Amino acid sequence: MMFFLFLSMLVFLRSSADGSIKTAESYWTLKPNVLVVNVDASEDVNMVPLICGEAYEGENITWTRNNEENLEDQGNRIVVTVEAWKGGNFSCFNSEGSYLNHTLVLAQWSFRKFIKNTPEKGYIDCSTNNYGGSFKCKWEWGENRNGHVVHIKATRPHGGSNISCSLDDGGQSITCLDHDYCPYAEEVERINLTIYFRSSFVVESYNTKFYFMDIVRPDVVPISRINKTSVEVKYPHSWNTPSSYFPLMFQVVRCRKREKCDCSKPNLQEILFTQSHQLPVTKGMCVCVRAKDEFCNSSWSDWSQYKCKTRKNGKQRNREPKLKTL
C-alpha cells in the first residue's frame, strides 16, 4: 500500500513538472518588457503570468490593459488571459496611482504572413555589393497588412553577436554590419538573421541564413571608350581590392547597328564570358556588360549599356556617349 502511494506521488510530481515545462514553453521573452505567447489555434485561451517587479512584492499594485481597462486582479503577480490574437499592453501602478512598469504581450501565429514571398529569395532578400562586412535586407508587405519591425536578431552560431542592424527610412529594409568579419579569412559560419514584425498585438518572425558569398552582388560595371575600335570595362568603385584576390567575371552582349538590343533578354548565342577589360567595338554597336564574383555562384550585377555613336551629317560626334544602367 505504501509503495502504491509512493508510486502515485511520483507520477503526480512528474505530471506537474511536465505541465510546468509546457506552460513555460508557451510564452517567451522577445526583449525587455515584451512577452510573446505562442498561440495554438486549438486553444481559445492562454494563461500568462505577469510580474510588476521584484521590488514591489507585497505592495498594493493595480493593473490596466492598454491604458483603458482596469483589471480586477491586483498585486505584484497576476495571471492574464490571451485569447487568439488579442494580446495587450499591461501596466502596473502603486497605491497612489503612479506608473511603475509594463509588459507588452504579443501573440504569435505560425500560419499568418505579413510579408510577401519572393520566388527563389524567400521572404527576406539580403544582398551586399562587396566583401566589406555590411549587408542590406529588404521585404515587401503583404496585401492589406500594416506592420513594423519590433526586433532584429543577427548572430553567428559560435562567433557571438557582434552584428549591428538598423531600420532604414521607409521601414521596408535594414542595414547591418558584421564588426568581426574579415574578407581575407574563410567564412566558416553562416549569419543567422531573424526579423520580428508586429501588427497590433500580433508578432511574426522571419528567418534567413547566408554566407556573404551567397548574397554578394557587384554594383554596375563602368564602361568607357578607349579609341575608335575598343571600349574598357572597369571594376565598380565599391568592389574590394586587390582585384587579383577578388576577381570578377564579365558577361557581355554586343548588338550590331540597326539591331534591337535588349540586354535584359539576351540571345544565348550573343553572350560572351570574359575576364578581359577591353572589348572590340564598331560604330553603331551597343554593348551590355554585367559582372559577378568569379569564384562563387552569386548574383550578377545589373546590366550597364554603352552605345557607340554613328556619324551624323558626315561628321563624327565628339561627345562621349552616356552610360546607361538597365
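Heads up: the structure comes first, above all this text.
Residues numbered from 1 in each chain as written. Predicted model: local features only at pLDDT ≥ 70, side-chain atom pairs only at ≥ 80, totals over all residues. Heavy atoms only, no water.

J.: Got a sec to walk through the layout of surface pockets? Specific residues and values, please.
T.: When its volume is computed, the largest pocket comes out at roughly 640 Å³. Around the largest pocket sit 26 residues that line it, and Lys121, Asp125, Cys126, Ser127 and Arg217 are the ones nearest its centre. Breaking the lining of the largest pocket down by element, the ones donating at least two residues are β9 (125-127), β10 (134-138), β15 (202-210) and α2 (212-215). A per-class count over the lining of the largest pocket returns 8 nonpolar, 7 polar and 11 charged. Here the lining of the largest pocket spans two domains, since at least three of its residues come from each of domain 2 (124-214) and domain 3 (223-308). Considering only enclosed or pocket space, the second largest pocket measures out at about 280 Å³ in volume. (1 Å grid on protein atoms, 1.4 Å probe; cavity = no way out; pocket = protein on both sides within 12 Å on 5 of 7 lines; lining within 4 Å. Points joined across faces, edges and corners; volume = space filled by probe spheres on them. Helix = DSSP H or I, 4+ residues; strand = E, 2+ residues; numbered from the N terminus. Nonpolar A, V, L, I, M, F, W, Y, C, P; charged D, E, K, R; others polar. Domains from an automatic or database assignment.)

J.: Give me unusual backbone geometry: which residues, what numbers.
T.: In the segment running from Thr241 into Pro242, the intervening peptide bond is cis, with an omega of 0°. Locating Pro242 in the fold gives a position in the loop between β17 (230-233) and β18 (248-255). With a phi angle near 70°, Asn33 is a residue other than glycine that sits in the positive phi range. If you trace the backbone, Asn33 turns up in the loop between β1 (27-31) and β2 (34-38).

J.: Provide a residue-level description of the sheet that holds β10, including the pertinent values.
T.: Two pairing modes exist for strands in a sheet, parallel and antiparallel, and in both the strands are linked by backbone hydrogen bonds. An order of β9-β10-β13-β12 is seen for the 4 strands of this open sheet, with the pairing classed as antiparallel. Bordering the open sheet on either side are β9 and β12 (163-167), each of which pairs with just one other strand. Averaged over all pairs of adjacent strands, the angle between strand axes in this sheet comes to 20°, irrespective of strand direction. (Pairing = 2+ DSSP bridges. Axes fitted to C-alpha atoms, helices over the stretch in contact; angles between N-to-C directions.)

J.: How would you sum up the pattern of salt bridges? Please name residues and give values.
T.: Applying the stated criterion to the full structure yields 6 salt bridges. Measuring nitrogen to oxygen at the nearest pair gives 3.1 Å for the salt bridge that ties Glu57 to Arg77. You can see Glu57 sitting in the loop between β3 (45-51) and β4 (62-65) and its partner Arg77 sitting in strand β6 (residues 77-83), a full 20 residues away along the chain. Note on Glu57: relative accessible area 44%, which makes it partly exposed. When the shortest N-O distance is used, the salt bridge between Asp178 and Arg156 registers 2.9 Å. Remark: Arg156 occurs in the loop between β11 (148-155) and β12 and Asp178 occurs in strand β13 (residues 173-178); sequence separation between them is 22 residues. Assessed through its relative accessible area of 13%, Arg156 is described here as buried. Each of Glu54, Glu57 and Arg77 takes part in a single network of salt bridges with overlapping partners. (Salt bridge = Lys/Arg side-chain N within 4 Å of Asp/Glu carboxyl O. Buried < 20%, exposed > 50% of the residue type's maximum accessible area, 1.4 Å probe, protein only.)

J.: An account of the packing of aromatic side chains is requested, with residue identities and associated values reported.
T.: Summed over all chains, the structure comprises 16 aromatic pairs. Taking 5.9 Å as the distance between ring centres and 75° as the angle between the ring planes, the aromatic pair formed by Phe135 and Phe212 counts as edge-to-face. Here Phe212 lies in helix α2 and Phe135 lies in strand β10, a separation of 77 residues in the sequence. No difference in accessibility class separates Phe135 from Phe212, as the two residues are buried. A centroid spacing of 5.8 Å and a plane angle of 80° characterise the contact between Tyr235 and Phe250, whose relative ring orientation is edge-to-face. (Phe/Tyr/Trp six-rings, centres within 6.5 Å; stacked < 30°, edge-to-face > 60°.)

J.: Provide a residue-level description of a nonpolar patch on the surface, including the pertinent values.
T.: Judged by side-chain polarity, Val45, Met47 and Val79 come together as a nonpolar surface patch covering roughly 250 Å² of accessible area. Inspection of the secondary structure puts Val79 in strand β6. (Patch = residues over 30% accessible without salt bridge, like charges linked within 9 Å, V, L, I, M, F, W, Y side chains within 5 Å. Areas by Shrake-Rupley, 256 points an atom, 1.4 Å probe, with all protein chains shown as cover.)

J.: Which residues make up the state of the cysteines, and what values do they have?
T.: Scanning the entire structure with this criterion turns up 3 disulfides. Put simply, Cys52 and Cys92 are joined by a disulfide, and their sulfur atoms are 2.1 Å apart. Taking the torsion about the sulfur-sulfur bond, which here is approximately 75°, the covalent link between Cys52 and Cys92 counts as right-handed. Of this pair, Cys52 sits in the loop between β3 and β4 while Cys92 sits in strand β7 (residues 88-93); the two residues are 40 residues apart in sequence, bridging distant segments of the chain. Residues Cys52 and Cys92 agree in their burial class; the two are buried. (Disulfide = S-S within 2.5 Å.)

J.: Give a detailed account of the environment of Lys283, specifying residues and quantitative values.
T.: Mapped onto the elements of the fold, Lys283 is located in the loop between β20 (278-280) and β21 (286-293). With 25 residues separating them in the primary sequence, Lys283 and Cys308 have C-alpha atoms 5.5 Å apart.

J.: Account for the sheet that holds β17, with residues named and values stated.
T.: The strand order across the open sheet formed by 3 strands is β16-β17-β20, and the pairing between neighbours is antiparallel. The open sheet is flanked by β16 (223-227) and β20, the only strands paired with a single partner. Geometrically, the sheet is characterised by an average inter-axis angle of 35° between neighbouring strands, direction not taken into account. In this structure, β16 lies alongside β17, joined through 4 bridges in antiparallel fashion. The residue of β17 that forms the bridge with Ser224 is Glu232.

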